Amino acid sequence: MTPIPSPPRVGDTLAALRQSQALSLDELSRRAGVSKSMLSQIERAQANPTVAVVWRLANALGVPIGELLGSAPAAPAAPAITLVPTQSTPSLRSPDGLCELRILGPVEMAGQFEWYELKLQPGGVLDSQPHEPGTREHLTVASGSMEVQVAETKQKLKVSETARYHADSAHSIRNTGKTAASAWLVVIHPT
């Protein structure tokens, strides 16, 4: 006896496609003309959509209807280039406003490999507590000058110079100059 194939997993595929396009349930609901609660039920496999609903969802997502009816979640093709607009790049500012750290690395790599753009106004300091053992930082000055301190050791850096250091003890980066300074900071955590 031939086994009966399982029905398509529309919910898993729908969720994967929606997330790959960074669409909220609200936005997809508006585009497809399908209620948000129905979309949520479909994604959680609590409701089976009609062919008409699948057709509207496929059109709203810009994919062939067969892609939503595939037996496994479709892995959308990664775009050749993913652009992150300036306003979408998160940043952190110190309470005194003299230090800004723009988070350039993708969030899914946090805790493994991170990179930042660091901007320090004169007198600005980025103080850091020790990271986990084995963590290293690499700081390359793009403009101005900076000073790195790890425990009791200090090192001044000029434009284009790079400091590589262990970041598993207290450390800081400061602008001791009279003009604004910027740098690229890479943090590599142990594997």
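Above this note sits the structure.
Residues numbered from 1 in each chain as written. Predicted model: local features only at pLDDT ≥ 70, side-chain atom pairs only at ≥ 80, totals over all residues. Heavy atoms only, no water.

1. Comments concerning a nonpolar patch on the surface
Here is step 1: Residues Val 51, Trp 55, Ile 65 and Leu 69 make up a contiguous nonpolar surface patch of roughly 400 Å² in combined accessible area.
Here is step 2: With respect to the helices and strands, Ile 65 occurs in helix H5 (residues 65–68).
Here is step 3: Classification of Ile 65 by relative accessible area gives partly exposed; the value is 31%. (Patch = residues over 30% accessible without salt bridge, like charges linked within 9 Å, V, L, I, M, F, W, Y side chains within 5 Å. Areas by Shrake-Rupley, 256 points an atom, 1.4 Å probe, with all protein chains shown as cover. Salt bridge = Lys/Arg side-chain N within 4 Å of Asp/Glu carboxyl O. Helix = DSSP H or I, 4+ residues; strand = E, 2+ residues; numbered from the N terminus. Buried < 20%, exposed > 50% of the residue type's maximum accessible area, 1.4 Å probe, protein only.)

2. Some points on the pattern of salt bridges
Here is step 1: Applying the stated criterion to the full structure yields seven salt bridges.
Here is step 2: The salt bridge partner of Asp 26 is Lys 36, with a shortest N-O separation of 3.5 Å. Taken as a pair, Asp 26 in helix H2 (residues 25–32) and Lys 36 in helix H3 (residues 36–43) lie far apart in primary sequence, 10 residues in all.
Here is step 3: Classification of Asp 26 by relative accessible area gives partly exposed; the value is 46%.
Here is step 4: Salt-bridge contacts for Arg 93 lead to Glu 100; the nearest nitrogen and oxygen are separated by 3.5 Å.
Here is step 5: With relative accessibility at 14%, the residue Glu 100 sits in the buried group.
Here is step 6: Look at the salt bridges and you will find they share partners, linking Glu 27, Arg 30 and Arg 31 into a network.

3. A closer look at the environment of Leu 25
Here is step 1: Tracing the backbone shows Leu 25 in helix H2.
Here is step 2: Each C-alpha atom, one on Leu 25 and one on Met 146, is 46 Å from the other, the two residues being 121 residues apart in sequence.
Here is step 3: Excluding anything up to four places from it in sequence, Leu 25 contacts Arg 18, Lys 36, Leu 39, Ser 40 and Glu 43. (Contact = heavy atoms within 4.5 Å.)

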